[in-house]
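In case you want the letters, here they are:
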Amino acid sequence: MRFSFVVSAGLGYQIPNLFENGASFAEFERALRLLKEQGFTGVELNLNSDDRSILSKIRDSIRAEGLQLAAVGTGLIYLAKGLSFSDPDPAIREKALAIMKELIRFASTENSVVVIGMVRGNPSSSNAVRLLIESLRKCDKAAFESGVRLVLEALNRYETSILNTATEVANSIRDAQLTATGILLDSFHMNIEEQSIEESIRKYHDRIGHFHIADSDRWPPGHGHLKIEDQLRLLENLGYGGWVSAETLPKPDNVAAVKATANFLKAQNFLKPP
Ligand SMILES: [Mn+2]
């Protein structure tokens, strides 16, 4: 297992207006240095830009720090731009898909997984899952052609109305016959939705393509009441070799959240000091 930390305008190491101005780039580079110094080998970003000059600048900064881009989150396509894969308007679905394809192309050069989380939208129509699956098929085809792995995340009911559990995600992948798409499980969401976190990890471990950790209160591991060390030990024993990415609130602050997560992972012998 490899460990990364989210840097974004929201969750993880939080940088307001990330990649929208020069100051945010400078702070981004400080965040990367901190991750490296604390022993993380990767970073996960949330991107909604298909601007190639910005993407190549991001790539250069990550490479210069000797880190890997573990995963590209895409929730901002919906949360910042209002575009989703389940929107009843086909033109909006196509716009979301166009940005997604650009991010898949970007991920392909970095060997990163691409996360399908909130880009599904938060629909109320009964038709939504059918529209989502149609979009997922197109995405999956683009990812397959680029040699990229997609991961579909189970998100809790308070954030979206569709695909809340590991089983719902696994069934959608199966029904849509997706070949380049795995499952993303997140300890924070699973704590709300799964009957048993351990059983879900066990049942779907061979399809898990990415894993997010945050405690029950979404603070860094060790703050709440989840046994994240047990989840990680189980994944390890089941042979999971992908990324584990910390997606915590920036609490009590950015630097302390990174350090608390690193200290937790080191105390549990998952992360080796660099
Ligand atoms: Mn997550």
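Residues numbered from 1 in each chain as written. Predicted model: local features only at pLDDT ≥ 70, side-chain atom pairs only at ≥ 80, totals over all residues.

### Things to note about the overall build of the protein
Part 1: Tallying secondary structure elements over the protein gives 10 helices and 9 strands in all.
Part 2: Compactness check: the protein gives a C-alpha radius of gyration of 17 Å against a globular reference of 19 Å for 274 residues, within 12% of the reference.
Part 3: Taken over the C-alpha atoms alone, the protein extends approximately 45 × 45 × 30 Å along its principal axes.
Part 4: Across the 274 residues that make up the protein, the buried fraction comes to 49%.
Part 5: For the protein, restricting intrachain contacts to residue pairs at least 6 apart in sequence, the fraction spanning at least 24 positions comes to 76%. (Helix = DSSP H or I, 4+ residues; strand = E, 2+ residues; numbered from the N terminus. Rg over C-alpha atoms; globule rule 2.2 N^0.38 Å. Buried ≥ 20, exposed ≤ 12 C-beta atoms within 10 Å, placed from the backbone. Contact = placed C-beta atoms within 7 Å.)

### Comments concerning the pairing of strand E8 (residues 208–213)
Part 1: Burial runs high along E8: 6 of the 6 residues are buried.
Part 2: As defined by bridge partners, strand E7 (residues 181–186) adjoins E8 across 4 bridges and the pair is classed as parallel. Opposite Leu 185, over in E8, you have Phe 211 as the bridge partner.
Part 3: Where E8 lies against strand E9 (residues 243–246), 3 bridges are found, and the strand directions are parallel. Its bridge partner being in E9, Ile 213 is matched across the sheet by Ala 246. (Pairing = 2+ DSSP bridges.)

### Observations regarding the nonpolar core
Part 1: The biggest cluster of nonpolar side chains holds 89 residues, and the ones touching the most others in it are Val 72 and Val 114.
Part 2: Per element, the largest residue contribution to this core is 8 residues, and it comes from helix H5 (residues 128–146).
Part 3: When neighbours within four sequence positions are excluded, Val 72 is seen to be in contact with Leu 45, Leu 47, Leu 103, Phe 106, Ala 107, Ser 112, Val 114 and Val 115. (Core = buried A, V, L, I, M, F, W, Y, C linked by C-beta atoms within 7 Å.)

### Re the packing of helix H4 (residues 90–110) against H5
Part 1: Contact geometry of H4 with H5 gives a least axis separation of 10 Å together with a crossing angle of 25 degrees. The angle between H4 and H5 falls in the class roughly parallel. Handedness of the H4/H5 crossing: right-handed. The residues of H5 that touch H4, namely those facing Arg 93, Leu 97, Met 100, Lys 101, Ile 104, Arg 105 and Ser 108, are Leu 131, Ser 135, Lys 138, Cys 139, Ala 142, Ala 143 and Ser 146. (Axes fitted to C-alpha atoms, helices over the stretch in contact; angles between N-to-C directions. Parallel < 35°, antiparallel > 145°, perpendicular 65-115°, else oblique. Left-handed = near helix turned anticlockwise from the far one by under 90°.)

### Structural notes on unusual backbone geometry
Part 1: Note that the residue after Lys 251, namely Pro 252, is joined by a cis bond; omega there is -5 degrees.
Part 2: The phi angle at Phe 19 is positive, at roughly 70 degrees, despite the residue not being glycine.
Part 3: Topologically, Phe 19 is positioned in the loop between strand E2 (13–14) and helix H1 (22–38).
Part 4: Phe 19 gets classed as buried once you count the C-beta atoms within 10 Å, which come to 20.
Part 5: The phi angle at Asn 111 is positive, at roughly 60 degrees, despite the residue not being glycine.

### As for the environment of His 223
Part 1: Mapped onto the elements of the fold, His 223 is located in the loop between E8 and helix H9 (228–237).
Part 2: The class for His 223 is buried, based on 20 C-beta atoms found within 10 Å.
Part 3: Expressed as a C-alpha distance, the spacing of His 223 and Phe 264, which sit 41 residues apart in the sequence, is 9.8 Å.
Part 4: Non-local contacts of His 223, meaning those with residues more than four positions away in its chain, are made with Asp 215 and Asp 217.

### A short note on the packing of helix H8 (residues 197–204) against H9
Two quantities define a packed helix pair, namely the angle between the axes and the distance from one axis to the other.
Part 1: Two elements in contact, H8 and H9, have axes separated by 10 Å at closest approach and are oriented at 20 degrees. Classed by the angle they form, the pair H8 and H9 counts as roughly parallel. Judged by the twist between their axes, the crossing of H8 over H9 is right-handed. Residues Ile 197, Glu 198, Ile 201 and Arg 202 of H8 form the contact with H9, whose own contacting residues are Gln 231, Leu 234 and Leu 235.
Part 2: Per-class residue counts for the contact of H8 with H9 are 4 nonpolar, 1 polar and 2 charged. (Nonpolar A, V, L, I, M, F, W, Y, C, P; charged D, E, K, R; others polar.)

### Looking at helix H10 (residues 254–267)
Part 1: With 14 residues, H10 should reach 20 Å at 1.5 Å per residue; the first-to-last C-alpha distance of 20 Å fits that figure.
Part 2: Along H10, the positions that sit buried rather than exposed are Ala 257, Val 258, Ala 260, Thr 261, Ala 262, Phe 264 and Leu 265.
Part 3: The positive-phi residue at the C-terminal boundary of H10 is Asn 269, with phi of around 65 degrees. (Expected span 1.5 Å × (residues − 1).)

### Description of H8
Part 1: The set of residues buried in H8 consists of Ile 197, Ser 200 and Ile 201. Projected down its long axis, H8 carries its buried residues within an arc of 100 degrees, all on one side.
Part 2: In this structure, the buried residues of H8 make contact with helix H6 (166–175), E7, helix H7 (187–193) and H9. (Arc of directions from axis to C-beta.)

### A word on the environment of Met 1
Part 1: Here Met 1 is to be found in the segment before strand E1 (2–8).
Part 2: Using a count of 15 C-beta atoms within 10 Å as the deciding quantity, one classes Met 1 as partly exposed.
Part 3: In sequence terms Met 1 and Glu 236 are 235 residues apart; their C-alpha atoms lie 7.0 Å from each other.
Part 4: Dropping the residues within four chain positions of it, Met 1 is found in contact with Leu 235, Glu 236, Tyr 240, Gly 241, Val 244 and Phe 270.

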